[in-house]
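What the coordinates show
Residues per chain are reported as follows:
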Amino acid sequence: MSKYFTKRQMEIGLVVLASIFFIALAFYSLYTLYLPTKEQRDQAALQLSTERDTLFALRKQLANKDPDKTFTSRPLQQKVPVIPLEDALLLQIEKAEVKSGSRVHGIVFSKEVPEFEDMPEEMQNVERVLMEVELVADTYDQVEMFIYEVEEMKRILNVESIQFKATAEKTEEEVATGPMELVISFNAFFRPDLINLQNEAPKIDAPPAALKEDPTTLNKMTGDENVE
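Each chain carries its own residue numbering, running from 1 in the direction its sequence is written. The predicted nature of this model means local features are confined to residues of pLDDT at least 70 and side-chain atom pairs, given and counted, to a pLDDT of 80 or more, with totals for whole chains, interfaces and linings taken over all residues. Note: side-chain values were computed over all heavy atoms of the structure, leaving out hydrogens and water.

Looking now at helix 4 (residues 140-150). In this scheme, a residue with accessible area under 20% of its type's maximum is buried, one over 50% is exposed, and one in between is partly exposed, where area comes from a 1.4 Å probe on protein chains only. Note on conventions: DSSP H or I runs of at least 4 residues are helices, E runs of at least 2 residues are strands, and numbering of each starts at the N terminus. Here helix 4 has its buried residues at Gln142, Val143, Phe146, Ile147, Glu149 and Val150. The buried residues of helix 4 occupy an angular sector of 165° when projected down its axis, which confines them to one face. Structural note: helix 4 exposes Tyr140, Asp141 and Glu144 on the side pointing more than 90 degrees away from its buried face. Any pair of residues with heavy atoms lying within 4.5 Å of one another is described as a contacting pair. The inward-facing, buried residues of helix 4 contact helix 3 (86-100), strand 1 (103-112), strand 2 (127-137), strand 3 (157-164) and strand 4 (180-190). It is the directions from the helix axis to the C-beta atoms that the arc portrays.

Okay, here's the thing in C-alpha cells:
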C-alpha cells in the first residue's frame, strides 16, 4: 500500500473538506444571523400591529363622540383612563395569577410616550404604562391562561413581548427541566392631559375590609369609675 495519497484522493479530500466547511458556514449563518434577525422582525411587526389596533380603537372612540350631547367620560375611561391606575392593573394580574395557577415573582411598572404612525393631533397626549411581569409557570397552558385573563380587562391592553429565560438542558427523558421562567410585557394606555376628568376615573374594585379590630387601639372605658 502506498504511503502517499494519490492526486485523485487529494482532490476528493479537498472537495469533502470544502463541503463540510460550507455546510458549517451555512448552519452558523442560519443560527447566528438569519434566525435572530427574523425573530426581531416578527416581534417588531407584532408590536406595530398591536399599536395600530390600539390607534384604531382610540380613533373609533373619538368618532363615536357626539359633541352636542352631554355625557360622562366613565365608559370611555374604562378603556383609556386619564390616570395610570396601576392598582387596577395589579389587581387584574393577581386574578390572572390565581386563575391560571402560575406564580408572579415580580412586577415592574414604567411610563412612556408611545410613537404611532400618522397619529392625529387630538391623540398626541396618549401615554402608556408598561408592565413587565416575571412569571413562573409549569405549562404553556398556564401562560396562555394568564395572558387571556389579563386581557379580559375592559381597558385597552396588549402584549408587547414574551421573553423566556433559559432552562437547564434535558438530557434524559425521565429527568424534568423544572418550571418555565419568563417575562411578559403588557401595554396599557391613559390620557394624563385630561385633568378635569380625573374625578370620573374608574374606581378600583378592591376586596372589602376584613372588619378586624385594630390591636393597637386602647380599649375605651365605659361607665363611671369608683375613685377612692
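Phi is positive for Leu85, which is not a glycine, with a value near 55°. Structurally, Leu85 can be placed in the loop between helix 2 (74-77) and helix 3.

What follows covers the packing of aromatic side chains. Two aromatic rings are characterised by how far apart their centres lie and by the angle between their planes. Pairs were defined over the aromatic rings of Phe, Tyr and Trp, the Trp ring being its six-membered one, requiring ring centres within 6.5 Å. Orientation was assigned from the angle between planes: stacked under 30 degrees, edge-to-face over 60, tilted for the rest. Scanning the model with the defined rule gives 3 aromatic pairs in all. Seen from their ring centres, Phe21 and Phe22 are 5.6 Å apart, and the 70° between their planes marks the pair as edge-to-face. Note on Phe22: relative accessible area 54%, which makes it exposed.

Any two side chains of opposite charge can pair, on the condition that their charged atoms come close. Here a salt bridge means any side-chain nitrogen of Lys or Arg lying within 4 Å of a carboxyl oxygen belonging to Asp or Glu. Taken as a whole, this structure holds 5 salt bridges when the rule is applied. Its salt-bridge partner being Asp138, residue Arg103 comes within 3.1 Å of it at the nearest N-O pair. Taken together, the positions of Arg103 in strand 1 and Asp138 in the loop between strand 2 and helix 4 put the pair 35 residues apart, joining distant regions of the chain. Residue Asp138 is classed as partly exposed on the basis of its relative accessible area of 45%. For Asp193, the salt bridge identified is with Arg191, shortest N-O distance 2.8 Å. A relative accessible area of 14% places Arg191 in the buried class.

Relative to the elements of secondary structure, Asn187 occurs in strand 4. Note on Asn187: relative accessible area 2%, which makes it buried. Side chain to side chain, Asn187 and Glu160 meet in a polar contact 3.0 Å long. Among all residues touching Asn187, those that are not within four sequence positions of it are Arg128, Val129, Leu130, Ile156, Leu157, Asn158 and Glu160. What qualifies as a polar contact is a pair of N or O atoms within 3.5 Å, subject to a donor-acceptor requirement within protein and to the restriction that residues adjacent in sequence count only when both atoms come from side chains.

Moving on, we get to the confidence of the model for the protein. Confidence along the protein averages 75 in pLDDT terms, with 74% of residues attaining 70 or more. For every residue, the predictor states its confidence as a pLDDT score lying anywhere from 0 to 100. Across residues 214-228, confidence stays below pLDDT 50; counting only partners more than four residues off in sequence or on other chains, it has 0 contacts.

Take the nonpolar core next. Within this scheme, the nonpolar core is defined by two criteria: the residues are buried Ala, Val, Leu, Ile, Met, Phe, Trp, Tyr or Cys, and they are joined through side-chain atoms within 4.5 Å. With 22 residues, the main nonpolar core has Leu89, Met131, Val143, Phe146, Leu157, Ile184 and Phe186 as its most contacted residues. Ranked by residue count, the leading element in this core is strand 4, at 6 residues. Beyond its immediate sequence surroundings of up to four residues, Ile184 is in contact with Met131, Glu132, Val133, Leu135, Val143, Phe146, Ile147, Val159, Ser161 and Ile162. In this structure, Leu58, Val80, Val126 and Ile156 belong to the second largest nonpolar core, which totals 5 residues.

As a further point, take a nonpolar patch on the surface. Patch construction takes residues with relative accessible area above 30% that form no salt bridge. Like charges are linked within 9 Å, and nonpolar side chains (Val, Leu, Ile, Met, Phe, Trp, Tyr) are linked within 5 Å. Here, Shrake-Rupley sampling with a 1.4 Å probe gives the accessible areas, and only protein chains in the shown set may cover a residue. There is a patch of nonpolar side chains on the surface, built from Ile23, Phe27, Leu30, Tyr31, Tyr34 and Leu35 and spanning about 610 Å² of accessible area. Residue position: Leu35 is located in helix 1 (residues 7-63). Residue class for Leu35 comes out partly exposed when judged on its relative accessible area of 35%.

As a further point, take helix 3. Take the number of residues in a helix, subtract one, and multiply by 1.5 Å to get its expected span. Helix length check: helix 3, at 15 residues, gives a terminal C-alpha distance of 21 Å against a target of 21 Å (1.5 Å per residue), a fit within 8%. Of the positions making up helix 3, those classed as buried are Leu89, Gln92, Ile93, Ala96 and Ser100. In an axial view of helix 3, the angular spread of the buried residues amounts to 100°, which keeps them on one side of the axis. Its buried side turned inward, helix 3 meets strand 1, strand 2, helix 4, strand 3 and strand 4. Just downstream of helix 3 lies Gly101, where phi reads positive at about 80°.

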